[in-house]
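Residues per chain are reported as follows:
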Amino acid sequence: NWFSQLFSNSLSQNHSVSISTGTDKSSFYASLSAMHDPGWYKQSSVDRYTANLNTTYNILKNLNINLISSASYRKQKAPDIGTGYRRCKRAGET
């Protein structure tokens, strides 16, 4: 079956955690997340990791300083179009 040779039934996963706290003078927020998607094609997948950090400092009555930062890492595996076509053709040949 050519379909089962190229495609797969899979579930993606997404996980995240966050924390926040604060006082009258400052506030803090941080989060981490991870995502894994095995993809529909057997030769594809995506992994992504992200982190966020937000802080606010109340320096004066009318003056605040905000720090907003984020980082992300992504790893993606994509199928070779030519290889997939050849495999599909071979699977259908007799």
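Caption draft 1: Highlighting a nonpolar patch on the surface. A cluster of nonpolar residues, Tyr57, Ile59, Leu60, Leu63 and Ile65, forms a patch on the protein surface that exposes about 470 Å² of accessible area. Those elements that place two or more of their residues in the nonpolar patch are strand E3 (45–60) and strand E4 (63–77). Here the nonpolar patch takes three residues from E3, the largest share from any one element.

Caption draft 2: Just the sheet that holds E3, in detail. Here we have four strands laid out as an open sheet, ordered E1-E2-E3-E4, and antiparallel in their pairing. Edge positions in the sheet fall to strand E1 (13–22) and E4, since each of these pairs with one other strand and no more. Averaged over all pairs of adjacent strands, the angle between their axes in this sheet comes to 5 degrees, without regard to strand direction.

Caption draft 3: Inspection of the pairing of strand E2 (residues 26–37) at higher detail. By the bridge criterion, 10 bridges tie E1 to E2 in an arrangement that is antiparallel. Looking at the pairing, Ser16 lines up with Ser33 of E2. What sits between E1 and E2 in their antiparallel hairpin is a turn of three residues. As paired elements, E2 and E3 share 12 bridges and run antiparallel to each other. Paired with Ala34 across the strands is Tyr49, a residue of E3.

About the cut-offs
Residues numbered from 1 in each chain as written. Predicted model: local features only at pLDDT ≥ 70, side-chain atom pairs only at ≥ 80, totals over all residues. Heavy atoms only, no water. Patch = residues over 30% accessible without salt bridge, like charges linked within 9 Å, V, L, I, M, F, W, Y side chains within 5 Å. Areas by Shrake-Rupley, 256 points an atom, 1.4 Å probe, with all protein chains shown as cover. Salt bridge = Lys/Arg side-chain N within 4 Å of Asp/Glu carboxyl O. Helix = DSSP H or I, 4+ residues; strand = E, 2+ residues; numbered from the N terminus. Pairing = 2+ DSSP bridges. Axes fitted to C-alpha atoms, helices over the stretch in contact; angles between N-to-C directions.

Everything listed here is a matter of coordinates, which is why it stays silent on function.
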